Amino acid sequence: MHNLHKRRPGERQFHRMLAAAGVDPGLVRSRTELEDATFNTVYRVRLSEDAPGYSGLVLKIAPDPAMPTLSYERGIMRTEGLFYAAAAGRAPVPEVVYADFSRELIDTDFLVLTDLPGANWSAARERIGENERAGLRGELGGLVAALHEVTGPAFGYPQTAQLPEAARVLRTDGPPEAAALASPPGWRAAFLAMVDTVLADAAAFGAPLPEPAERIRETVHAAADPLDAVTTPVLVHFDLWDGNILVDRAAPDGPHRISGLIDGERAFWGDPLAELVSLALFEDIERDGAFLDGYRAAGGRVDFDDGTRRRLALYRCYLYLIMLVEVVPRGFSGPEQEARDRRVSGLLRAELAALRGAGPAS
């Protein structure tokens, strides 16, 4: 799966981007494009041994800003930089060496990040035994609990969470001069707006869904009461599947450890339960005892009652909608993609049926 709108700089432009980050292009030993990046263009940059500060960097370049994208994807490289800054000191994330959103050196946004050791868990899976996997899941649970200690200013995506000056409204219960800042929406309103937006994107791009968009919308809205239990916006990565988790060995023959959490561009301020969806992609998080033990031991709280399960179903619906809609503007196609779309469509249909069949959540 390759994004048709990737930006790939020429050598001179590449060197100018590094120079802007304070990196002498003459110290570059090699650069390698990471082919598993499906949205941004990502290069691993190796520096010579006498380079000050860093031995390796990652240059991450957003796609053509004129490309068609989902609404939440506009400006998400800024969100990625914010995620790393917010998570620093709590989980192993890259350091942002340089961020450029001016679009002067190249006509899109880019980040220069420190390169973390290790390989993504998905690629390393065959080298990790079951006992070692349980230990890693427990370690991951502790890291995720630490992320969820970070709270934000308002629910929603960072690029929309800050209310603009235009959000100032007049009170209806007082004189016109009694202007005040409108209260930020609660989690239910913010999440339903996120769902409505991706459904609007589906209509705009003609993305096929397993049911009519309005029926999906009605089902999600009707099942949203449990969202009112969420009152504090916390940092949610929302894309912590194995491909975005790095693992490494401290010693050549030693056990693996979690060495990095990457690709934080989908992050938002919301319900920590939403994190558990991508952490158990296509699976049941309730069966992942090792992760849950690590999460709870580090202070994370989760009890699987009817309300919790309803919230998880809502978040799975949202993630499946994103997965089905994003393939159209990105131009993904082929037998592998068609098989994945069929699987995700079936899973979305099942979650919607479960929401319709569920009684009132406790």
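Whatever comes next refers back to the structure up there.
Sequence order as written defines residue numbering, which begins from 1 separately in each chain. Local features in this predicted model are restricted to residues whose pLDDT is 70 or higher, and side-chain atom pairs enter the listing and the counts only when it is 80 or higher, whereas totals over whole chains, interfaces and linings include all residues. By convention in this description, side-chain values take in all heavy atoms of the structure and omit both hydrogens and water.

Visitor: Help me out: how do you make sense of the nonpolar core in this one?
Guide: Most often, soluble globular proteins have nonpolar side chains that are buried together. By convention a nonpolar core is built from buried Ala, Val, Leu, Ile, Met, Phe, Trp, Tyr and Cys residues, the set being connected through side-chain atoms within 4.5 Å. When accessible area is computed with a 1.4 Å probe and restricted to protein chains, residues below 20% of their type maximum are described as buried, those above 50% as exposed, and intermediate ones as partly exposed. Within the largest apolar cluster, 90 residues are counted, with the highest numbers of intra-cluster contacts made by W187 and F191. Secondary structure is summarised from DSSP: a helix means a run of H or I of at least four residues, a strand means a run of E of at least two, and numbering begins at the N terminus for each. Considering each element in turn, this core owes the most residues, 13 residues, to helix α10 (residues 306-325). Beyond its immediate sequence surroundings of up to four residues, W187 is in contact with F155, M194, L227, V230, F268, W269, G270, D271 and Y315. Membership of the second largest hydrophobic core comes to 17 residues, among which are M17, Y43, L57 and F110. The contact criterion used is simple: two residues touch if any of their non-hydrogen atoms lie within 4.5 Å.

Visitor: Help me understand the pattern of salt bridges, please; the structure alone is not making it clear to me.
Guide: Side chains that carry opposite charge are capable of pairing whenever their charged atoms lie near each other. Salt bridge criterion: a side-chain nitrogen from Lys or Arg within 4 Å of a carboxyl oxygen from Asp or Glu. Throughout the structure, instances matching the rule amount to 28 salt bridges. Residues E33 and R8 are paired through a salt bridge, measuring 3.0 Å at the closest nitrogen-oxygen approach. Placement of the pair is E33 in strand β1 (residues 28-33) and R8 in the segment before α1 (11-20), with a sequence separation of 25 residues. By relative accessible area, R8 is classed as partly exposed at 47%. R90 is the partner of E149 in a salt bridge, and the nearest nitrogen-oxygen pair spans 2.8 Å. Here the residue E149 occupies a position in the loop between α4 (130-147) and α5 (158-161), and R90 occupies one in the loop between α2 (76-87) and β4 (96-100), the gap between them amounting to 59 residues. The class of E149 is partly exposed, set by a relative accessible area of 47%. Looking at R90, the relative accessible area reads 35%, which means it is partly exposed.

Visitor: I would appreciate a short explanation of α4 in the present structure.
Guide: Spacing of three or four residues puts side chains on the same side of an α-helix, whose turn is 3.6 residues. For a helix, the expected span equals 1.5 Å multiplied by the residue count minus one. Taking 1.5 Å of rise per residue, the 18 residues of α4 would be expected to cover 26 Å, and the 26 Å separating its terminal C-alpha atoms lies within 8% of that figure. Buried residues of α4: L136, R137, L140, G141, L143, V144, A145, A146 and L147, and no others.

Visitor: Can you walk me through the sheet that holds β4 in this structure?
Guide: Pairing between the strands of a sheet is mediated by backbone hydrogen bonds and can be parallel or antiparallel. Pairing between strands requires that DSSP locate at least two bridges from one strand to the other. Spatial ordering of the open sheet is given by β1-β2-β3-β5-β4, a layout of five strands whose pairing is antiparallel. The two strands at the open ends of the sheet, each matched to only one other strand, are β1 and β4. On average, each strand axis in the sheet is inclined to that of its neighbour by 15°, with strand direction left out of account. Bridging between β4 and strand β5 (residues 110-114) involves four bridges; their strand directions are antiparallel. Counterpart to D100 in the pairing with β5 is F110. The sheet strands contacting α2 are β3 (56-61), β4 and β5, and the helix crosses β5 at an angle near 25°. Think of each axis as a best-fit line through the C-alpha atoms, taken over the contacting stretch in the case of a helix, with angles from 0 to 180 degrees between the N-to-C directions.

Visitor: How do you make sense of the packing of helix α7 (residues 213-222) against helix α12 (residues 335-357) when you look at a structure like this?
Guide: A pair of packed helices is characterised by two quantities: the angle between their axes and the separation of those axes. Where α7 meets α12, the closest approach of the two axes is 9 Å, and the angle between their N-to-C directions is 45°. The orientation of α7 with respect to α12, classified from their angle, is oblique. Here the hand of the crossing between α7 and α12 comes out left-handed. Judged by residue contacts, R215, I216, T219 and V220 of α7 engage L352, L355 and R356 from α12. Each residue receives one of three labels: charged for Asp, Glu, Lys and Arg, nonpolar for Ala, Val, Leu, Ile, Met, Phe, Trp, Tyr, Cys and Pro, and polar for the others, Gly being one of them. Looking at the contact of α7 with α12, its residues break down into four nonpolar, one polar and two charged. Roughly parallel refers to an angle under 35 degrees, roughly antiparallel to one over 145, roughly perpendicular to one between 65 and 115, and oblique to any angle outside these ranges. Note on convention: the crossing is left-handed when the near helix lies turned anticlockwise from the far helix by less than a right angle, right-handed when the turn is clockwise.

Visitor: Would you take a moment to explain the environment of A202 for this structure?
Guide: Inspection of the secondary structure assignment puts A202 in helix α6 (residues 187-205). Judged by relative accessible area, A202 falls into the buried class, the value being 4%. Sequence separation between A202 and L324 is 122 residues, and the spatial gap between their C-alpha atoms is 8.4 Å. In this structure A202 touches A207, L209 and V325, once residues within four positions along its chain are discounted.

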